[in-house]
Amino acid sequence: MKLHDLAVVGGGILGLACAISAVRRGQSVLLCERDTCARGASVRNFGMVWLIGQPHGERLALGKRSRECWLELAREAGFWCEESGSLHVAYHDDEWQVLTEFVDSEPDREGLELLDRSEVQRRWPAVRTAGLRGALRCATDLRVDPREAIAALTQWLTAQPEAEVWSGATVHRVTDGELHTTDGRRAAAREIVVCSGDDFRTLYPDLFTAAGLTRCKLQMMRTRPQPDGWRLGPTLATGLSLCHYESFARCPGQAAVRERLAAQWPEHFGFGIHVLAAQNQLGEVLIGDSHEYGLEFDSVERVEIEALILDYLANVLELPDPRVAERWHGTYARGTAEQVPFVASPEPSVTVVTSAAGAGMTMSFGLAERVLDGLAERDL
Ligand SMILES: Cc1cc2nc3c(=O)[nH]c(=O)nc-3n(C[C@H](O)[C@H](O)[C@H](O)COP(=O)(O)OP(=O)(O)OC[C@H]3O[C@@H](n4cnc5c(N)ncnc54)[C@H](O)[C@@H]3O)c2cc1C
């Protein structure tokens, strides 16, 4: 049996990032994905490489490194990756206050620009201007189409001579440097990295429970392609996002925004909704999302959540064709702020990696490199 330098369980973005980073270091790699192609959170998200949402420090550093890799790999593997940036729109003085506090407190953060209402109107006429106070543009945020990008990265990996990709390979046991699949295949590796998303609790239930992790269910949707080549421009985020992303937690004004919005939009708060809109290369607009926490969820998409998201969005954005073409939900493992990203070694030569937050696309490649650096140090 061939001894691989690295075996990876899971072909979502974190598994792919680990496998690709290892191949780029000249290592031999096996990646096992349970389905014929990845169907987890990595193909169900917005595709935002979202530096604006990452707090200063390690998470922002991982995001920046990932950004470089996304741009490089988009060229090499041939998928759409747009430097579209993001736009947080403020319709209240308290939201504007948070945006200005954020900019003042982050002098080193690149690509930030506060824009007044007339500038927003001039550059992005679809943003509603009634009551608009201004907006924060972050030029460094990227966007990919997750379905296209994950497929292209899998194809790129498969074409590398040092890599082997087993699809339809469900790993049911990892032990003593070997992994076993339910269809009777076996492989050996010096190191095994488990990137099976929130499903890692199937392989390591005790670790999942002991760490106190939970799961998050998010609901989102996609419109038809917008007519006549209409483009939204940057990914649009709203006041609700100022309460959601940890990067804004350092702003003293956040508490006032939270208090007002919780009173004004209680149902949105109840479902953990913060409204985002992002357009892909096909002209479709992805809209979301809600955040429900727990270990088990309903299998359905709730019409009520969709209506709440669309109601809020209608105050902010005028879409030429708001008709919804597809709706779905996704899940990820969720930890405390200190557990993001989550990296643990449940047994020798095995490392479990999950972002433990809704930022796996953003942290992906930076996190994979950090994990591989850790393994290299351990092997010295
Ligand atoms: C709706 C939604 C929107 C989001 N938006 C963003 C965003 O815009 N930007 C961002 O940075 N993050 C976003 N996230 C978070 C991001 O999608 C996740 O953090 C990331 O995709 C997790 O990647 P992963 O590879 O760890 O897990 P997954 O994508 O879940 O991949 C795990 C893979 O492992 C496979 N697998 C599981 N068990 C086994 C097994 N036993 N054997 C073999 N294979 C197995 C599964 O089939 C799956 O393909 C969003 C998440 C959701 C749900």
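This is a predicted model, so every value here is computed, not measured. Position labels on residues start from 1 in each chain and follow its written sequence. The predicted nature of this model means local features are confined to residues of pLDDT at least 70 and side-chain atom pairs, given and counted, to a pLDDT of 80 or more, with totals for whole chains, interfaces and linings taken over all residues.

Caption draft 1: Representation of the overall build of the protein in the model. Only runs of H or I of at least four residues qualify as helices and only runs of E of at least two qualify as strands under DSSP, and these elements are numbered from the N terminus. Check the secondary structure of the protein and you find 12 helices and 20 strands. We take the radius of gyration over the C-alpha atoms and set the globule estimate at 2.2 Å times the residue count to the 0.38 power. The C-alpha atoms of the protein give 21 Å as radius of gyration, which agrees with the globular expectation for 380 residues (21 Å, within 12%). Over its C-alpha atoms, taken along the principal directions, the protein stretches across nearly 65 × 45 × 45 Å. Here a residue counts as buried when 20 or more other C-beta atoms fall within 10 Å of its C-beta, as exposed when 12 or fewer do, and as partly exposed in between; the C-beta atoms come from the backbone. Relative to its full complement of 380 residues, the protein shows a buried share of 47%. Contacts are defined on C-beta atoms placed from the backbone: any two residues whose C-beta positions lie within 7 Å are in contact. Long-range contacts, defined here as pairs at least 24 residues apart, represent 75% of the contacts in the protein between residues at least 6 apart.

Caption draft 2: Spotlight on the nonpolar core. Nonpolar core, as used here: buried Ala, Val, Leu, Ile, Met, Phe, Trp, Tyr and Cys residues forming one set through C-beta atoms within 7 Å. Membership of the largest hydrophobic core comes to 110 residues, with the highest contact counts inside it found for Val8, Cys18, Ala19 and Val194. Per-element tally for this core: the top contributor is helix α1 (residues 13-24), with nine residues. All the domain ranges listed were derived from an automatic or database domain assignment. Counting the residues that make up this core, at least three belong to each of domain 1 (3-45 + 147-211 + 338-379) and domain 2 (86-139 + 214-334). What Cys18 contacts, discounting residues up to four positions off in sequence, is Val8, Val193, Cys195, Ala368, Val371 and Leu372.

Caption draft 3: Just the domain arrangement of the protein, in detail. Segmentation of the protein into domains returns domain 1 (3-45 + 147-211 + 338-379) and domain 2 (86-139 + 214-334). The interface of domain 1 with domain 2 comprises 13 residues on the first partner and eight residues on the second. Three classes are used, and their members are as follows: Ala, Val, Leu, Ile, Met, Phe, Trp, Tyr, Cys and Pro are nonpolar, Asp, Glu, Lys and Arg are charged, and the others, Gly among them, are polar. Here the side of domain 1 that touches domain 2 is composed, by residue class, of five nonpolar, six polar and two charged.

Caption draft 4: Structural detail: the sheet that holds strand β3 (residues 48-49). By definition, two strands form a pair when at least two bridges between them are found by DSSP. Ordered in space as β3-β8-β4, the three strands form an open sheet in which the pairing is antiparallel. Since the sheet does not close on itself, it has two edges, and those belong to β3 and β4 (81-82), each with one partner.

Caption draft 5: Region of the structure containing the pairing of strand β2 (residues 29-33). In terms of residue burial, β2 counts as a mostly covered element, since five of its five residues are buried. Burial along β2 is two-sided: Val29, Leu31 and Glu33 and Leu30 and Cys32, pointing in opposite directions, are all buried. Taken together, the four bridges between strand β1 (residues 3-9) and β2 define a ladder with parallel strand orientation. Within β2, the residue paired with Ala7 across the bridge is Leu30. As for the winding sense of the linkage, the β-α-β connection from β1 through α1 to β2 is right-handed. Handedness of a crossover: with both strands directed away from the viewer, a clockwise path from the first strand across the helix to the second marks it as right-handed.

Caption draft 6: Highlighting the site of the ligand. Any residue qualifies as near a molecule or strand once its backbone-derived C-beta atom lies within 6 Å of it. Near the ligand lie 42 residues; those nearest to it are Gly12, Gly40, Gly197, Gly330 and Gly360. Of all the secondary structure elements, the ones that give two or more residues to the shell around the ligand are α1, β2, β13 (214-223), β18 (324-334) and α12 (360-379). Taken together, the residues that form the shell around the ligand break down as 17 nonpolar, 18 polar and seven charged. When we break the shell around the ligand down by domain, the ones giving at least three residues each are domain 1 (3-45 + 147-211 + 338-379) and domain 2 (86-139 + 214-334).

Caption draft 7: Expanded view of the packing of helix α2 (residues 58-77) against helix α5 (residues 146-158). Helix axes are fitted to C-alpha atoms over the stretch in contact, other axes to C-alpha atoms as well, and angles between N-to-C directions run from 0 to 180 degrees. At a minimum axis distance of 10 Å, the contact between α2 and α5 shows a crossing angle of 70°. Considered as vectors, α2 and α5 are oriented roughly perpendicular to each other. In terms of crossing hand, the pair formed by α2 and α5 is left-handed. Packed against α2, whose contacting residues are Leu73, Glu76 and Ala77, the element α5 presents Ala152, Leu153 and Trp156 at the interface. Residue composition of the contact of α2 with α5, by class: five nonpolar, no polar and one charged. The scheme is simple: roughly parallel for angles under 35 degrees, roughly antiparallel for over 145, roughly perpendicular for 65 to 115, oblique for anything else. Here a crossing is taken to be left-handed if its near helix is turned anticlockwise relative to the far helix by less than a right angle, and right-handed if that turn runs clockwise.

Caption draft 8: Fine view of the packing of α1 against α5. At a minimum axis distance of 10 Å, the contact between α1 and α5 shows a crossing angle of 30°. By crossing handedness, the relation of α1 to α5 is classed as left-handed. Taking contact as the criterion, the partners of Ile13, Leu16, Ala19, Ile20 and Val23 in α1 are, on α5, Ile150, Leu153, Thr154 and Leu157. For the contact of α1 with α5, the residue count by class is eight nonpolar, one polar and no charged.

Caption draft 9: Structural context of the environment of Leu73. For Leu73, the position within the fold is in helix α2. On a C-alpha basis, the gap between Leu73 and Ile20 in space is 9.8 Å, while along the polypeptide they are 53 residues apart.

Caption draft 10: Focus on the pairing of strand β20 (residues 350-354). Counting buried residues along β20, five of its five residues qualify, which places the element largely inside the surrounding structure. Going residue by residue along β20, you find Val350, Val352 and Thr354 tucked away on one face and Thr351 and Val353 tucked away on the opposite face as well. By the bridge criterion, three bridges tie strand β12 (residues 186-194) to β20 in an arrangement that is parallel. Directly across from Val193, in β20, lies its bridge partner Thr351. Bridge analysis of strand β19 (residues 342-347) against β20 gives four bridges, and the strand direction is antiparallel. Bridge pairing links Phe342 to Thr354 in β20.

Caption draft 11: Region of interest: the environment of Ala187. Residue position: Ala187 is located in strand β12. Its 21 C-beta neighbours within 10 Å are what place Ala187 among the buried residues. When the C-alpha atoms of Ala187 and Gly177 are compared, they prove to be 8.5 Å apart, with 10 residues separating the residues in sequence. In this structure Ala187 touches His4, Ala7, Leu30, Glu178 and Leu179, once residues within four positions along its chain are discounted.

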